[in-house]
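Coordinate analysis (summary)
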Amino acid sequence: MTVTVAIFAHQEERRIAGCLASLPLDRPGTLFHVLVNGTTDATVERARAAAGGRTNVIVHDIAQGGKSRTWNHCVHDLLTGDDDAVIFMDGDAEIAAGSIDALVADLAAHPAANAAAGMPMNGRMVEAYRAGLRAEGGLFGDLYALSGRFVTAIRARALRLPDDLIGDDGMIAAWAHTDLRDDSHWVHDRVLACDGAGFLAEQVSLARPSTWAMQYKRLINYSVRFFQNRIVSDIMTREGPVGLPARLDSLYADWLPRFRPRPGLTGWFDRKALERMRAAA
């Protein structure tokens, strides 16, 4: 079986070598695209060094950042449509041994499934996250797989994520559950929870102040994602993926008057998110 692995990396000079070291780069029939996007640090150089000259590991230096934009580029410009499965993962994660084989095997064993989720393996909320993925049929961007058939359907219909979408994994899960239709076609079993595949993500630590800034930015992004989800949920309910705009900020002017910060500490990050969205409108 032929498999492509897409690895998204933005400012990951510290972790990209560990990420690639966790992968079976010599796996037969497997092509690895390292998608370094919008990066000003040494991620490209360190990724190329970690690739060790392997011809099946291609490091891309993409000027524009944005994971959703890069996802579109990968699916529509880099993939050939010949893969049995496509694995998507983040360049700051380390992947448990056997994960790629497990994801591919799960999709092969369930021909009606469109996607399979890798499972988190660390963090104080890990069991809750794992239970949530199983119950909701969710995907984490750190590690998931799409069937080749499903990717071919996305390509054939020229479906793209909004370039400024935060939360590509949630949108892809919705596409997979609905088989690229509106939410009335939701089927839970089209997304599998793959217990044989897992990832380790970097945790916030009081001992590492650098992770505080990372978490602060992450929480603002989570708030932007919360408000964006209100918009995309409306579109997915009424029209499905075909109704998504090229950029969500083209709709902000209509939606921003309806948004209010939530109570408590979350409201601080909501206010920062709404400031960013107003500036983008």
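Everything numeric here is computed off the predicted structure, so don't read it as measured data. (Residues numbered from 1 in each chain as written. Predicted model: local features only at pLDDT ≥ 70, side-chain atom pairs only at ≥ 80, totals over all residues. Heavy atoms only, no water.)

Quick notes on the overall build of the protein
Rule in force here: We count a stretch as a helix when DSSP gives it H or I for four or more residues in a row; a strand needs E for two or more, and each element gets its number in order from the N terminus. As defined in this context, the radius of gyration uses C-alpha atoms, and a globule is described by 2.2 Å times the residue total to the power 0.38. Contacts are assigned to residue pairs with any non-hydrogen atoms lying within 4.5 Å of each other. For the area figures, the Shrake-Rupley method with a 1.4 Å probe applies, and any residue is considered shielded solely by the protein chains shown. Under this rule, positive means Lys or Arg and negative means Asp or Glu; His and the chain ends count for nothing. To locate a charge, take NZ of a lysine, CZ of an arginine, CG of an aspartate or CD of a glutamate.
What the protein contains, in helices and strands, is 10 helices and 8 strands. Its C-alpha atoms give the protein a radius of gyration of 18 Å, within 12% of the compact-globule value 19 Å for 281 residues. Seen along its three principal axes, the alpha-carbon backbone of the protein occupies a region of about 55 × 45 × 35 Å. Pairs at least 24 apart in sequence give 77% of the contacts found in the protein among residues at least 6 apart. Within the structure as shown, the protein displays about 12900 Å² of accessible surface, and the carbon and sulfur contribution to it stands at 54%. Counting 31 positive and 34 negative side-chain charges, the protein places the averaged centre of each group 5 Å from the other.

Some thoughts on the nonpolar core
Keep this limit in mind: For our purposes a nonpolar core is just a set of buried Ala, Val, Leu, Ile, Met, Phe, Trp, Tyr and Cys residues, chained together by side-chain atoms within 4.5 Å. Under the scheme applied here, a residue whose accessible area is under 20% of the maximum for its type counts as buried, over 50% as exposed, and between as partly exposed, the area being computed with a 1.4 Å probe on protein chains only.
Grouped together as the largest cluster of nonpolar side chains are 44 residues, with contacts concentrated most on Trp71, Phe88, Leu146, Ile154 and Trp175. Filtering out sequence-adjacent residues up to four positions away, tryptophan 71 remains in contact with Phe8, Phe88, Tyr144, Leu146, Ile154, Leu161, Ile172 and Trp175. Counting 36 residues, the second-largest nonpolar core is a separate cluster that includes Ile16, Ile100, Ala113 and Ala116.

A few points about the pairing of strand β3 (residues 57-62)
Selection criterion: Pairs of strands are assigned from DSSP output, requiring at least two bridges between the strands.
Of the pairings in the sheet, the one linking strand β2 (residues 30-37) to β3 comprises 6 bridges and is parallel in character. Within β3, the residue paired with asparagine 37 across the bridge is isoleucine 62.

Some points on the environment of threonine 80
Convention followed: Identification of polar contacts relies on pairs of N or O atoms within 3.5 Å, with a donor-acceptor requirement for protein atoms, meaning one able to donate a hydrogen and the other able to accept it, and with residues adjacent in sequence counted only if both atoms are side-chain atoms.
On the secondary structure map, threonine 80 appears in the loop between α3 (67-78) and β4 (85-90). Each C-alpha atom of the pair threonine 80 and aspartate 26 lies 20 Å from the other, and the pair is 54 residues apart in sequence. Separated by 3.3 Å, the side chain of threonine 80 and the backbone nitrogen of aspartate 82 make a polar contact.

Some remarks on the environment of methionine 121
Turning to its location among the elements, methionine 121 is positioned in the loop between β6 (115-120) and α5 (126-136). Methionine 121 gets classed as partly exposed once you look at its relative accessible area, which sits at 42%. Sequence separation between methionine 121 and leucine 200 is 79 residues, and the spatial gap between their C-alpha atoms is 5.5 Å. Here methionine 121 is in contact with Ala96, Val126, Arg130, Gly198, Phe199 and Leu200, once residues within four sequence places are set aside.

A few points about the sheet that holds strand β5 (residues 93-95)
Note the cut-off: Axis definition: a line fitted to C-alpha atoms, over the contacting stretch in the case of helices. Angles run 0 to 180 degrees between N-to-C directions.
Pairing within the open sheet is mixed, and its 8 strands lie in the order β3-β2-β1-β4-β7-β6-β8-β5. Single-partner strands in this sheet number two, and they are β3 and β5. Along the sheet, successive strands turn relative to each other by an average axial angle of 25 degrees, direction set aside. Direction of pairing for β5 relative to strand β8 (residues 191-201): antiparallel, over a ladder of 3 bridges. Considered in β8, the bridge of isoleucine 95 is made with phenylalanine 199. The strands touched by α3 within the sheet are β1 (3-9), β2, β3, β4 and β7 (143-147), with β2 carrying the most contacts at an inclination of about 145 degrees.

A look at unusual backbone geometry
Residue aspartate 179 is not a glycine yet carries a positive backbone phi of 55 degrees. Here the phi dihedral of leucine 180 falls at roughly 65 degrees; this positive angle occurs in a residue that is not glycine. Residue position: leucine 180 is located in the loop between α7 (168-178) and β8.

Focus: the pattern of salt bridges
The condition is simple: Should a side-chain nitrogen of Lys or Arg be within 4 Å of a carboxyl oxygen of Asp or Glu, the pair is scored as a salt bridge.
Overall, the coordinates contain 14 salt bridges when judged by the stated rule. The partner of lysine 67 in a salt bridge is aspartate 168, and the shortest N-O contact between them spans 3.6 Å. Pair noted here: lysine 67 is in helix α3 and aspartate 168 is in helix α7, with a separation of 101 residues, a long-range link. Classification of aspartate 168 by relative accessible area gives buried; the value is 5%. The partner of arginine 247 in a salt bridge is aspartate 249, with the nearest N and O atoms 2.8 Å apart. A single salt-bridge network, built from bridges that share partners, covers Arg14, Arg15 and Glu202.

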